[in-house]
Amino acid sequence: MAVCKKIVENVIVAKNRELTTNQYNQRDCCSAAAPYNHRNFLSFHGGKKLLPKYHCCFVSRRNIYCNAAPSTTAVPYLEKVDFMKLQNGSDIRGVAVDGVEGEPVTLTEPVTEAIAAAFSAWLLEMKRADASKPLRVSVGHDSRISAQVLQDAVSQGIAVAGLDVVQYGLASTPAMFNSTLTEDEAFLCPVDGAIMITASHLPYNRNGFKFFTNAGGLGKADIKIILERAADIYKSFTDQGLMKSKQKASESIKRVDYMTVYTSDLVKAVRKAAENIEKPLEGFHIVVDAGNGAGGFFAEKVLQPLGAITSGSQFLEPDGMFPNHIPNPEDKTAMKAITQAVLENKADLGIIFDTDVDRSAAVDSIGREFNRNRLIALMSAIVLEEHPGTTIVTDSVTSDGLTTFIEKKLGGKHHRFKRGYKNVIDEAVRLNSVGEESHLAIETSGHGALRENHWLDDGAYLMVKVLNKLASARASGIAGGSKVLTDLVEGLQEPGVAVELRLKIDQNHPDLKGGSFREYGEAVLQLLENHIESDPKLQKAPVNYEGVRASGFDGWFLLRLSLHDPVLPLNIEAASHEDAVKLGLAVSSAVKEFHALDTSALDKFIQT
């Protein structure tokens, strides 16, 4: 905590120090209208983004005098913030833009600056033995409308802690991690830590942060520590301290086009797989759908240098309002959009990314989707060709047909683990540490990480592995476009019906009796487990790490407790709707006595 204390001291200006001049805007910042209002955090006028009032003092370089003495006490306009509520597993997420009813802004600039300063304190402690020179932190963001404002606030928090700031601007999450590994002083690499400003596929008003060192992404415990420290730093903010951090940041920020390094490495990887052919994808027609996120670079910076035709690619322009569809490979509308683009352009392949490019999916030439179980099957086939017999780690909601495909068709081992991409990745790392070889960790959401790529969930690298297969097949004289990919998943048994129903827990219901939703949810799961053991038509999964999973009626179900929310998601897969309803009825009869559980979604499914 000594380092954290030092950073708190850095952001507080000593009470006996007198500030006479500052860099202010042409208007008088000390007027009654000037104080920052987080509800005006980011406003629009004529379609143009405007700086919030918090920024008004620092736009111009003109020095003027303020009529009132600067405050060295706690800033009165800073509202109380429950920093711990900003944690979302191994990420931080909050509301960054006003405009959605019932969703007040929680990720203000002062909050953001405090979080960045806390990360800096954490990083200083982790790297203390190596700190022969100032540590460097890279900062990047996706296309969200709050990105630039938050990037400035993050930079201020880092700079006031005494660390160097390297801004990348528009970037992908995987690139930010890679910046901790790249050795190229011309691009100020490697950095000691990296912060990605993103909220994945969440709505336009949300934003958040992901943190990296060269050891990978930070875990839940690290995020908890950072948020606790951020709360302490935030309480100690003063007007002068916030002004000082802006000045400090302006003096220490450097800007680098790191994405050219990252994309160049992707291009090299495909060329290497194709025996160093300069344009191994020449003649292939591949369309990209970036969903107006950060992935538009893939068409111009990766595919075109490899010789691919990219006409028909869509939504490559960054637009944080996401006007066309949610940038999410799990979203049906998004997948329909890329499928339509492939068919209309008679392309060989379609590739789609989420907002920050750590997830992806694909579509073959006749419109068959490689997402969810089919993407896992495709990547498993590719990886098991390279590493026969290896273990494939997935999340808990993958199908029984996928297990059969991996183990019977491909000769690998399927290790089904908990939901959450970090859980899946960490489990693969653990298996390797105890002698069980694993080279792929992948979720149905599209998060896929490979051992060869430092266990980073990189949507672009995942697609590079797919492109490698196309390129190497052509180099070997095999024609047929994306048929080589479709052939790899031949034999995968897919369910006739697959649904996910969300059963919400009413935390205000008397049945909870003041207890937590988690305790209530665990009680639901225990009763369901007892019900399964007494039902001869259902068989409990012999190995299961999350919730309650059972098979029967030519299908299976999994009821689990959400990682963060008062919700019990129910996944059902079966050969027919009739069989799926039977599985739903089995769950319904077991949980009917839990009156705080909203089963309306399940009831509706059963009735249809």
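Quick summary incoming for the structure in this document. (Residues numbered from 1 in each chain as written. Predicted model: local features only at pLDDT ≥ 70, side-chain atom pairs only at ≥ 80, totals over all residues. Heavy atoms only, no water.)

1. Re the overall build of the chain
Here's step 1: When its secondary structure is counted, the chain shows 17 helices and 26 strands.
Here's step 2: For the chain, contacts bridging at least 24 residues in sequence account for 71% of all contacts bridging at least 6. (Helix = DSSP H or I, 4+ residues; strand = E, 2+ residues; numbered from the N terminus. Contact = heavy atoms within 4.5 Å.)

2. What to know about the nonpolar core
Here's step 1: In this structure, Phe298 and Leu467 are the most contacted members of the largest nonpolar core, which totals 71 residues.
Here's step 2: Those residues in contact with leucine 467 that sit more than four places away from it in its chain are Val270, Leu281, Ile286, Phe298, Leu303, Leu349 and Ile351.
Here's step 3: Residues Ala117, Ala118, Val165 and Ile195 belong to the second largest nonpolar core, which totals 43 residues. (Core = buried A, V, L, I, M, F, W, Y, C linked by side-chain atoms within 4.5 Å. Buried < 20%, exposed > 50% of the residue type's maximum accessible area, 1.4 Å probe, protein only.)

3. Overview of helix α3 (residues 147-160)
Here's step 1: In this model, α3 (14 residues) spans 20 Å end to end at C-alpha, consistent with the 20 Å of a helix rising 1.5 Å per residue.
Here's step 2: For α3, the tally of buried residues reaches 12 of 14 residues, placing the bulk of the element in the interior.
Here's step 3: The complete set of buried residues in α3 reads Ala147, Val149, Leu150, Gln151, Ala153, Val154, Ser155, Gln156, Gly157, Ile158, Ala159 and Val160.
Here's step 4: Taken from the residues just after α3, glycine 162 is the one with a positive phi, measuring 90°. (Expected span 1.5 Å × (residues − 1).)

4. Some thoughts on the side chain of histidine 439
Here's step 1: Tracing the chain through its elements places histidine 439 in strand β19 (residues 438-442).
Here's step 2: Accessibility expressed as a relative area gives 10% for histidine 439, which makes it buried.

5. What about the pairing of β19?
Here's step 1: With 5 of 5 residues buried, β19 lies mostly within the body of the structure.
Here's step 2: With 4 bridges connecting them, strand β17 (residues 391-394) and β19 associate as parallel partners. If you follow isoleucine 392 over to β19, its bridge partner there is leucine 440.
Here's step 3: Two elements, β19 and strand β20 (residues 448-450), share 3 bridges in a ladder whose sense is antiparallel. (Pairing = 2+ DSSP bridges.)

6. Describing the side chain of asparagine 371
Here's step 1: You can see asparagine 371 is positioned in the loop between β16 (369-370) and α10 (372-386).
Here's step 2: Only 3.2 Å separates the side chain of asparagine 371 from the backbone oxygen of proline 329, close enough to count as a polar contact.
Here's step 3: Those residues within four positions of asparagine 371 in sequence are excluded, and the remaining contacts are Pro329, Met335 and Ala361. (Polar contact = N/O pair within 3.5 Å; in protein donor to acceptor, adjacent residues only side chain to side chain.)

7. A look at helix α12 (residues 421-433)
Here's step 1: With 13 residues, α12 ought to run about 18 Å at 1.5 Å a step, and its terminal C-alpha atoms sit 19 Å apart, in line with that.
Here's step 2: Those residues of α12 lying buried are Tyr421, Lys422, Asn423, Val424, Ile425, Glu427, Ala428 and Leu431.
Here's step 3: Residue glycine 435 follows α12 closely and has a positive phi angle near 95°.

8. Thoughts on the sheet that holds strand β18 (residues 413-416)
Here's step 1: The strand order β18-β17-β19-β20 describes an open sheet built from 4 strands, whose pairing is mixed. With one partner strand each, in any of the chains shown, β18 and β20 form the two edges of the open sheet. Strand-to-strand twist across the sheet, computed as the mean angle between neighbouring axes with direction ignored, equals 20°.
Here's step 2: Where α10 meets the sheet, it contacts β17, β19 and β20, and its direction lies at approximately 170° from that of β19.
Here's step 3: Each of β17 and β18 is contacted by helix α11 (residues 400-409), which is oriented at about 145° to β18, the strand it contacts most. (Axes fitted to C-alpha atoms, helices over the stretch in contact; angles between N-to-C directions.)

9. Quick look at the pairing of strand β9 (residues 193-197)
The side chains of a regular strand alternate between both faces of the sheet.
Here's step 1: Judged by how many residues are buried, β9 sits mostly within the fold: 5 of 5 residues are covered.
Here's step 2: Residues Gly193, Ile195 and Ile197 point to one face of β9 and Ala194 and Met196 to the other, with burial holding for every one of them.
Here's step 3: Pairing of strand β7 (residues 136-141) with β9 involves 5 bridges; the strand directions are parallel. Its bridge partner being in β9, glycine 140 is matched across the sheet by methionine 196.
Here's step 4: Strand direction decides the pairing type here: β9 and strand β10 (residues 206-213), joined by 4 bridges, are antiparallel. The residue bridging methionine 196 from the neighbouring strand is lysine 210, located in β10.

10. Considering unusual backbone geometry
Here's step 1: The omega torsion across cysteine 189 and proline 190 is 5°, close enough to zero to call that bond cis.
Here's step 2: Along the chain, proline 190 turns up in the loop between α4 (173-178) and β9.
Here's step 3: Even without glycine at this site, asparagine 276 takes up a positive phi of about 65°.
Here's step 4: Topologically, asparagine 276 is positioned in the loop between α7 (259-273) and β13 (286-289).
Here's step 5: Its relative accessible area of 63% is what places asparagine 276 among the exposed residues.
Here's step 6: The phi dihedral of lysine 346 falls on the positive side, at around 50°, and the residue is not glycine.

11. Focus: the packing of aromatic side chains
Here's step 1: A complete count under the given rule lists 12 aromatic pairs for this structure.
Here's step 2: Centre to centre, the rings of tyrosine 234 and phenylalanine 237 are 6.1 Å apart; their planes meet at 70°, and the pair counts as edge-to-face. The pair tyrosine 234 / phenylalanine 237 is uniform in exposure class, with both members buried.
Here's step 3: Here phenylalanine 298 and phenylalanine 353 contribute two aromatic rings whose centre-to-centre distance is 5.1 Å and whose plane-to-plane angle is 65°, an arrangement assigned as edge-to-face. Placement of the pair is phenylalanine 298 in helix α8 (residues 297-303) and phenylalanine 353 in strand β14 (residues 349-353), with a sequence separation of 55 residues.
Here's step 4: Of the residues examined, phenylalanine 298 reaches a relative accessible area of 0% and is grouped as buried.
Here's step 5: Across from the ring centre of phenylalanine 284, 4.0 Å away, lies the NZ or CZ of arginine 474, which sits over that ring.
Here's step 6: The residue whose ring lies beneath arginine 549 is tryptophan 556, and the NZ or CZ to ring-centre distance is 3.7 Å. (Phe/Tyr/Trp six-rings, centres within 6.5 Å; stacked < 30°, edge-to-face > 60°. Lys NZ or Arg CZ within 6 Å of the ring centre and 35° of its normal.)

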